[in-house]
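# Per-entry structural report
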Amino acid sequence: MSFLSKLKAGLGLLALSSLTAVFANESKLNLREGVTEISREAYHLHNWVVIVMLVIAVVVFGAMAYSMWAHSKKNNPVPAKFSHSTALEILWTAIPFIILIVFAVPSTKLLMKQYDTAESDLTIVVKGYQWKWKYSYPDQELEYFSALATPRDTFVNSSELASTPIAAIGHVLAGGVVGAGDKPTEKSATYLLEVDHELVIPVGKKVRFLVTAEDVIHAFWVPDFGIKKDAIPGFINEIWARVEKPGIYRGQCAELCGKDHGFMPIVVRAVEPAEFDAWVAQKQEEKRIAAEDAAKAAASSFTMEQLMADGEKNYLARCAACHQPTGQGLPPTFPALAGSKIATGPVAGHLNIVINGKAGTAMQAFGAQLTDVEIASIITYERNAWGNNTGELVQPADVAAFKNGK
Amino acid sequence: MGAHAAHDHHDDHHDHKPTGITRWLYTTNHKDIGSMYLWFAFAMFLTGGFMALLIRAELFQPGLQFFEPSFFNQMTTVHGLVMVFGAVMPAFTGLANWMIPLMIGAPDMALPRMNNWSFWILPVAFLMLISSLFMSGGGPNFGWTFYAPLSTTYGPPSTDFFIFSVHIMGISSIMGAINVIVTVFNMRAPGMTLMRMPLFVWTWLITAFLLIMVMPVLAGAVTMMLTDRHFGTDFFNAAGGGDPVLFQHVFWFFGHPEVYIMILPSFGIASAIIPAFARKPLFGYASMVYATASIAFLSFVVWAHHMFTTGIPLGGELFFMYATMLIAVPTGVKIFNWVATMWKGSMTFEAPMLFAIAFVVLFTIGGFSGVMLAMAPVDFQYHDTYFVVAHFHYVLFPGAIFGTIAAVYYWLPKWTGHMYSEGLAKLHFWLSMIFVNLTFFPMHFSGLAGMPRRIPDYNVMFADFNMLSSIGAFGLGLTQLLFLWIIIKTIKGGPKAAAKPWDGAHGLEWTVPSPAPYHTFSTPPVITDENAHS
């Protein structure tokens, strides 16, 4: 074999193997096939369009490449003079038009299928918050929040992160431009795609998701289901999925929703219907026990040590994303709590902002999100940590009294 | 219509001009203003590029290495705004200022004082925008698309500076566009009928119409934001009876024509350069004009394809899908026409031609992903992922930016009177070509694999592609410093350029000496079919 034909064969092989790689299942070079009828059809439509596009690319770029060689000044010293051809121009207007119609037909069919949310077996309300999801099962009377489970320590590779231009440039230069931060951490395969409470759905059932949001626009996206829908405050959007295979499916918020947009994963656990029923029963039982415990706890009083220990844990899980573990916040958007008027002023004001939130800011109304015990611990912690040494203790009963007094 | 042969122009035509800073502050000369636009655009290109490199440094590997996520969001936002409004649009306006009067045989732009004003308010707007990064709470952090309510209720305090700067940019663009339209309609030399105009003039005329139609819409959007923030209105606030999706409709009614504003002049540039270096007339001149006009028209009826996931009704979804797919037809016509122009030509491959050919090829790749994104049922998988980032960077970097670079190499001899270094320019081309693909091609894959856009950190499965993109980005950014060096070198000296340094070039700009004198076409040339377009 001559060098040229070897080269050709090699290139051919390379092209073939990369094509196979592109279309191989489970490959990270292509869209995933997913586990619903919709995602599979979208996947096949996608593959088909990619192939047509590749064919067009070969024809057009091939013609250009050939022309660049054959019609270079060296190989074709005298240029032709033609400047139009009505027949050709009609032809290359008509052919793309026909190709597009061929694409439009299956697209229309699939879109109609995706929009058909009728006759669902289960309804779940998905509500986006800055930066977590709330899943409600109205018929099962269950609801819970789902937030990132990856600890902050795992994703912060640097002892200090910049939040101003000068510091940012300094950090990049200090980091050797693209070098690592100064304390790289191990990252697991589910890094940033793991949550504290998964969304659980039954396989084989048509699950309808009603998607909305509390504050800004988010987007609910599970790639394996082939569905993505914006979660918009004031709107309820509908999507559906009938998952065929039990498993854990991971997605992310897909619409820029502020600071921690990148830290708002979605994890869905699809289980057999019987297992789902068992999960619902167990959740309801947990809910009942939790309510009893909360009632008991609300009636009991805690020591400062207990509240501070619990408070620190709860604060780090619920509050530190904005107000920072140091209590310094990221002012002016996320105010500091250390030395703040609210955290060192009257307890009622502190209770009010935690329970009722502050409209028009990322400060949500946590009254319905947290138990009275959790709120009491967080407030006690905030009033005594970082030099806020008020010495004041807030008991669950105080929280309950504030709520009832309102 | 148009050609006023006896245009009253009896002030002195000597090449005398004021000196020092006042020359630039007070100038009404289209060439001076064109140069200022181009330098401003280049400065903004490097500024926006620097921000892109900060973004790519953070994304080089998983984990937060350098920035708080809030600062990362400011970088993605301001990078986009600076590149769109500071680099691409002023670069095109600069080319329009320099070349349109020269191409239609006019002595200057029709409204020279407005021309001065439309340039000089731009640096003010961008100083204000960039200064907001240093304010308490940081600069805009809601994406260049600034969706409500993230930008209204939840925007940082500096958002008002952002709003004001967008207003100023819009006023500048509208004035520039009016100037182009008035110039093209009133200042053409005798015999320069519309269908004899070079395609660059045509594409810019159509761009100017798009600009005066959509920039006021953008101004409306930011004004509604302003009143929502400060004057108690609830246009975009659901809690007050408003509609957050309305914002997106208004924004994209501006935004979609805007993306054509950023590409049509490049079509004109390719249509000047490819025939020149193929030494063969442009294929299908009339269909090029009609295709450009069709693309411009269609750009007004496709805006909601950016909003396929917002839950618009099935009927709306279908309409916007079909209309968007239809854009592929006139765009295809243009690409086929360029290939047919090359066909049986007698080509040489100087830097302008190389960049123009790369523009056609890479823009077409962006077109392929565009057709894919148009298909709503599959778009659900692509939307807001890196696939979209790959798509629009393929149409913007090799599209708008390569087009501009091609134009600069093509007309630099005319502007400076010197030939640039072909060897360095070819090096600039090959490095740009390699790095632009290394930067943006892997983004297709990270998007398909499921990586959302605008995130400061990502799962380890996206790590390889991000590392490739970051390496490419640093190469691409550094390569553009070579471009700066080539330009400065050419201004300072180099082989003397002939009036027509490209043997295949056509058009009035090549009938004046190089460098083009301060005042040209004081006596209008007469255009016949012989010396008409291409």
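Residues numbered from 1 in each chain as written. Chains lettered and ligands numbered in written order. Predicted model: local features only at pLDDT ≥ 70, side-chain atom pairs only at ≥ 80, totals over all residues. Heavy atoms only, no water.

### Points about the overall build of chain A
As a reminder of what qualifies: Strands are runs of DSSP state E lasting at least 2 residues, helices are runs of H or I lasting at least 4, and numbering of each runs from the N terminus. Throughout, radius of gyration means the C-alpha value; the globule benchmark is 2.2 Å times the number of residues raised to the power 0.38. The cut-offs for exposure are 20% and 50% of the maximum accessible area for each residue type, with area from a 1.4 Å probe on protein chains only; residues under the lower value are buried, those over the upper are exposed, and the others partly exposed. Here, residues are in contact when the closest pair of their heavy atoms is within 4.5 Å. Calculation of accessible area relied on Shrake-Rupley with a 1.4 Å probe; when residues are assessed, cover is drawn exclusively from the protein chains displayed. Under the convention used here, Asp and Glu are negative, Lys and Arg are positive, and both His and the chain ends fall outside the count. Taken as the charge centre is NZ of Lys, CZ of Arg, CG of Asp or CD of Glu, depending on the residue.
When you go through chain A residue by residue, the secondary structure sums to 12 helices and 10 strands. What you see for chain A is a C-alpha radius of gyration of 29 Å, clearly larger than the 22 Å of a compact globule of 406 residues, by over 25%. C-alpha extents for chain A along the principal axes are approximately 95 × 60 × 45 Å. Here chain A holds 406 residues, and 47% of them are scored as buried. Summarising the internal contacts of chain A: among those between residues at least 6 apart in sequence, 67% fall at separations of at least 24. Accessible surface computed for chain A: about 19100 Å², of which carbon and sulfur atoms make up 62%. Within chain A, the 41 negative side-chain charges are centred at a point lying 9 Å from the centre of the 37 positive side-chain charges.

### Regarding the environment of B:G49
All names here are of chain B. Examined against the element boundaries, G49 turns out to sit in helix α2 (residues 30-58). Residues G49 and A473, 424 residues apart in the sequence, show an inter-C-alpha distance of 9.0 Å. In this structure G49 touches M44 and M83, once residues within four positions along its chain are discounted.

### Brief notes about the nonpolar core
One broad rule of soluble globular proteins: the nonpolar side chains tend to lie buried together. For clarity, the threshold we go by: Only buried residues count toward a nonpolar core, which is a set of Ala, Val, Leu, Ile, Met, Phe, Trp, Tyr and Cys residues joined through side-chain atoms within 4.5 Å.
One finds A:F209, A:F220 and B:F85 to be the most contacted residues of the largest nonpolar core, which totals 278 residues. Ignoring any residue separated from it by four or fewer positions in sequence, one finds B:F85 in contact with B:P90, B:F126, B:W144, B:M169, B:M215, B:L218 and B:F254. Counting residues in each nonpolar core, the second largest holds 19 residues, with A:C319, A:Y381, A:V394 and A:F402 among its members.

### Details of a nonpolar patch on the surface
Stated precisely, the cut-off is as follows: The patches described consist of residues with a relative accessible area above 30% and no salt bridge, like charges being joined within 9 Å and nonpolar side chains (Val, Leu, Ile, Met, Phe, Trp, Tyr) within 5 Å. The working definition used for a salt bridge is a side-chain nitrogen of Lys or Arg within 4 Å of a carboxyl oxygen of Asp or Glu.
A cluster of nonpolar side chains, contributed by A:Y66, A:W69, A:F82 and B:W343, occupies part of the molecular surface with about 440 Å² of accessible area. Here A:F82 shows up in the loop between α2 (37-70) and α3 (86-115).

### Some points on unusual backbone geometry
With omega at 0 degrees, the peptide bond leading from A:Q130 into A:W131 counts as cis. Within the element layout of this structure, A:W131 appears in the loop between β1 (122-129) and β2 (132-137). Here B:A148 and B:P149 are connected by a cis peptide whose omega angle stands at 0 degrees. In this fold, B:P149 is placed in the loop between α4 (112-131) and α5 (159-186).

### Observations concerning the sheet that holds strand β9 (residues 247-252) of chain A
Residues and elements named next belong to chain A. For clarity, the cut-off: DSSP calls a pair of strands paired once it identifies at least 2 bridges connecting them. Only the stretch in contact is used when a helix axis is fitted, and all axes are lines through C-alpha atoms; the angle between N-to-C directions ranges over 0 to 180 degrees.
Read across the sheet, 3 strands follow the order β4-β10-β9 without closing on themselves; strand pairing throughout is mixed. Two strands in the sheet have a free side with no partner beyond their single neighbour: β4 (199-202) and β9. Shown here is a sheet whose adjacent strand axes are inclined to one another by a mean of 25 degrees, direction ignored. As judged from the 4 bridges shared by β4 and strand β10 (residues 265-271), these two strands associate in the parallel manner. Across the sheet, L199 pairs through a bridge with V268, a residue of β10.

### Some words on the interface of chain A and chain B
As a reminder, the rule being used: As used here, buried area is the combined drop in accessible area, with a 1.4 Å probe, of two parts when they are placed together.
Each partner contributes to the interface: chain A provides 114 residues, whereas chain B provides 108 residues. Between chain A and chain B lies a buried interface of about 9400 Å² when both sides are counted; carbon and sulfur atoms form 70% of it. It is A:K28, A:W92 and A:L256 that lose the most area in chain A upon contact with chain B, and together they represent 7% of the buried surface on that side. Along the contact surface separating chain A from chain B lie 2 salt bridges.

### Re the packing of α2(A) against helix α11 (residues 328-342) of chain B
Inclusion rule: In this scheme, roughly parallel covers angles under 35 degrees and roughly antiparallel covers those over 145, while 65 to 115 is roughly perpendicular and the rest are oblique. Should the near helix be turned anticlockwise from the far one by less than a right angle, the crossing is left-handed, and should it be turned clockwise, the crossing is right-handed. Note on residue categories: nonpolar means Ala, Val, Leu, Ile, Met, Phe, Trp, Tyr, Cys or Pro, charged means Asp, Glu, Lys or Arg, and polar means any other residue, Gly included.
Interaxial distance between α2(A) and α11(B) falls to 9 Å at its minimum, and their mutual angle equals 20 degrees. Comparing the axis directions of α2(A) and α11(B) gives the class roughly parallel. Our pair here, α2(A) against α11(B), has a crossing hand that is left-handed. Between α2(A), through A:V60, A:A63, A:M64, A:S67 and A:M68, and α11(B), the contact on the second element is made entirely by B:I335, B:F336, B:V339 and B:M342. When its residues are assigned to classes, the contact of α2(A) with α11(B) shows 8 nonpolar, 1 polar and no charged.

### What about the confidence of the model for chain B?
All names here are of chain B. To keep things clear, this is the line we draw: Every residue carries a pLDDT, the predictor's confidence in it, which falls somewhere between 0 and 100.
Averaged over every residue, the pLDDT of chain B is 93; the share at 70 or more is 96%. For residues 1-13, every residue scores under 50 in pLDDT, and the model assigns this stretch 16 contacts once sequence neighbours within four places are set aside. In the predicted assembly, ipTM is 0.91 and pTM is 0.91.

### Describing the confidence of the model for chain A
Within chain A, residue pLDDT values average 88, and 91% of them lie at 70 or more. Counted against residues more than four places away or in other chains, residues 22-26 of chain A, with its pLDDT under 50, gives 9 contacts.

### What about the environment of B:L484?
Residues and elements named next belong to chain B. For L484, the location among the structural elements is in helix α16 (residues 463-492). Considered as a pair, L484 and L210 are 274 residues apart in the sequence and their alpha carbons are 31 Å apart. In contact with L484, other than residues within four places in its own chain, are W39, F42 and L46.

### Describing α16(B)
In plain terms, the rule: Any helix carries an expected span of 1.5 Å times its number of residues minus one.
Here α16(B) is 30 residues long and its end C-alpha atoms lie 44 Å apart, about the 44 Å a rise of 1.5 Å per residue gives. Looking at the residues trailing α16(B), positive phi occurs at B:G494, about 125 degrees.

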